[in-house]
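# Examining the three-dimensional arrangement
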Amino acid sequence: MEPLYLTTITCICCETTFQSSRVRPSFKRCSKRDSDFCAHYKNGINPDFYVVRVCPNCGFASTENGMNQLSEVQRQHYIERLGSMWTKRDYGGERTLEQALDTYKLALLCAQIAGTSERVMAGLLHHIAWLHRYIGNKEQEQRFLQFALNSYIEVFEREGESVNDAKLMYLIGELYKRTGDRNKAVRWFSRVVNDKRIMDAAMIRASREQWQAIREETDYDVAYESLDLMNA
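Criteria and cut-off values
Residues numbered from 1 in each chain as written. Predicted model: local features only at pLDDT ≥ 70, side-chain atom pairs only at ≥ 80, totals over all residues. Heavy atoms only, no water. Helix = DSSP H or I, 4+ residues; strand = E, 2+ residues; numbered from the N terminus. Buried < 20%, exposed > 50% of the residue type's maximum accessible area, 1.4 Å probe, protein only. Areas by Shrake-Rupley, 256 points an atom, 1.4 Å probe, with all protein chains shown as cover. Lys, Arg positive; Asp, Glu negative; His and termini not counted. Charge placed at Lys NZ, Arg CZ, Asp CG, Glu CD. Core = buried A, V, L, I, M, F, W, Y, C linked by side-chain atoms within 4.5 Å. Expected span 1.5 Å × (residues − 1). Contact = heavy atoms within 4.5 Å. Polar contact = N/O pair within 3.5 Å; in protein donor to acceptor, adjacent residues only side chain to side chain. Salt bridge = Lys/Arg side-chain N within 4 Å of Asp/Glu carboxyl O. Pairing = 2+ DSSP bridges. Axes fitted to C-alpha atoms, helices over the stretch in contact; angles between N-to-C directions. Parallel < 35°, antiparallel > 145°, perpendicular 65-115°, else oblique. Left-handed = near helix turned anticlockwise from the far one by under 90°. Nonpolar A, V, L, I, M, F, W, Y, C, P; charged D, E, K, R; others polar. Disulfide = S-S within 2.5 Å. pLDDT = per-residue confidence, 0-100.

## Quick notes on the overall build of the protein chain
For the protein chain, the count of helices and strands is seven helices and six strands. Listing the helices and strands of the protein chain from first to last along the sequence gives β-β-β-β-β-β-α-α-α-α-α-α-α. When its C-alpha atoms are laid out on the principal axes, the protein chain stretches across 60 × 40 × 35 Å. For the protein chain, with 232 residues in total, the buried portion stands at 49%. If you sum the accessible surface of the protein chain, you get close to 12300 Å²; carbon and sulfur atoms cover 47% of it. The average position of the 31 basic charges and that of the 31 acidic charges among the side chains of the protein chain differ by 3 Å.

Right under this line is the structure:
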């Protein structure tokens, strides 16, 4: 059995029907997962390479979590900004890491042009950072982690306070840690641990572990401000 299978997609921009590859569940073999949820695969088959669907006709790229329709104004805006310059090419088969990176960057441009939700934008930025991590490009990884962090913060400011999104809060803390601001990282991890409304045990545990990792990695001393994480 081949690891990839084809799904049929109808482009929400030009209505062209095309095929895009996905990885069969039995071939999704994660060997480890980083603390910001970046997955590594031991068999060389990375499902994240195939998340973005790219229309070969007009170039509009999106994910399953993206927009499911475009208004006529959005469609025309895309065609004027990007679609009119698109050279037809097909990303429907097996993808290299470089091709996957191209599809994510294309999806990011389409999301910006079409006005996709900030949460989807944050996810795309974070995935681009992961792809740079795979190839060891630390400078670009840090650049896109910072973009993703800013986007996650905007998501939280818009909706996080009302939904008590523990994973989102944890990710903000984790990306502060990865971009070098340990002070803010500790404060966000502490919010997850100490907010009694949060019932997500996995995120509470992860936040405690990352707070402890900061303490072990450095002599960084953050004032507790009445926070008692280890006993919470």
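Still to come is the rest of the account.
## Comments concerning the nonpolar core
In this structure, Phe60, Tyr78, Tyr152 and Ile172 are the most contacted members of the largest nonpolar core, which totals 68 residues. Every element with two or more residues in this core is listed here: strand E2 (17-23), helix H2 (97-114), helix H3 (118-134), helix H4 (138-163), helix H5 (166-178), helix H6 (182-194) and helix H7 (201-217). Element by element, the count of residues in this core is highest for H2, at 11 residues.

## Re H7
For H7, which comprises 17 residues, the first-to-last C-alpha distance of 24 Å matches the rise-based estimate of 24 Å (1.5 Å per residue) to within 8%. Buried residues of H7: Met203, Ile204, Ala206, Ser207, Gln210, Trp211, Ala213 and Ile214, and no others. Check the buried side of H7 and you find it contacts H5 and H6. By the N-cap criterion, in which a side-chain oxygen at the helix start approaches the backbone nitrogen of a residue two or three places on, H7 is capped by Asp200, the distance to Ala202 being 3.2 Å.

## Here's the deal with the environment of Trp130
Mapped onto the elements of the fold, Trp130 is located in helix H3. In this structure the C-alpha to C-alpha distance between Trp130 and Glu118, which are 12 residues apart in sequence, comes to 18 Å. Excluding anything up to four places from it in sequence, Trp130 contacts Asp36, Phe37, Cys38 and Asp48. A polar atom in the side chain of Trp130 sits 3.1 Å from the side chain of Asp36.

## Observations concerning the pattern of salt bridges
Tallying each qualifying case throughout the model produces 11 salt bridges. Residue Asp165 is joined to Arg119 by a salt bridge in which the shortest nitrogen-to-oxygen separation is 3.0 Å. Here Asp165, found in the loop between H4 and H5, pairs with Arg119, found in helix H3; they are 46 residues apart in sequence, far enough to count as distant. Overall, Asp165 belongs to the buried group, its relative accessible area being 17%. A salt bridge links Asp195 to Arg197, with the nearest nitrogen and oxygen atoms 3.0 Å apart. Among the residues examined, Arg197 registers a relative accessible area of 52% and is labelled exposed.

## Some thoughts on the pairing of strand E1 (residues 4-10)
Sheet topology places E1 next to E2; seven bridges connect them, and they run antiparallel. What sits directly across from Thr7, in E2, is Ser20. Between E1 and E2, which pair antiparallel and follow one another directly, the connecting turn spans six residues, one of which, Glu15, has a positive phi of 70 degrees.

## What to know about the packing of H6 against H7
Taken N-terminus to C-terminus, the directions of H6 and H7 make an angle of 150 degrees; their axes are 8 Å apart at the nearest point. For the element pair H6 / H7, the angle class is roughly antiparallel. At the point where H6 passes H7, the crossing takes the left-handed sense. Within the contact between the two elements, H6 uses Arg182, Ala185, Val186, Phe189, Val192 and Val193 and H7 uses Met203, Ile204, Ser207, Arg208, Gln210, Trp211, Ile214 and Glu217. Per-class residue counts for the contact of H6 with H7 are nine nonpolar, two polar and three charged.

## Comments concerning the state of the cysteines
Scanning the model with the defined rule gives zero disulfides in all. Cys58 supplies the cysteine sulfur nearest to Cys110, a cysteine that is in no disulfide, at a spacing of 7.7 Å. Overall, Cys110 belongs to the buried group, its relative accessible area being 1%.

## Brief notes about the confidence of the model for the protein chain
When the pLDDT values of the protein chain are averaged, the result is 91; 91% of them are 70 or greater. Summarising per-element confidence for the protein chain, the mean pLDDT is lowest in H4 (90) and highest in strand E5 (residues 53-54) (98). Across residues 222-226 the pLDDT falls below 50, and counting only partners more than four positions away or on other chains, this stretch makes six contacts in the model.

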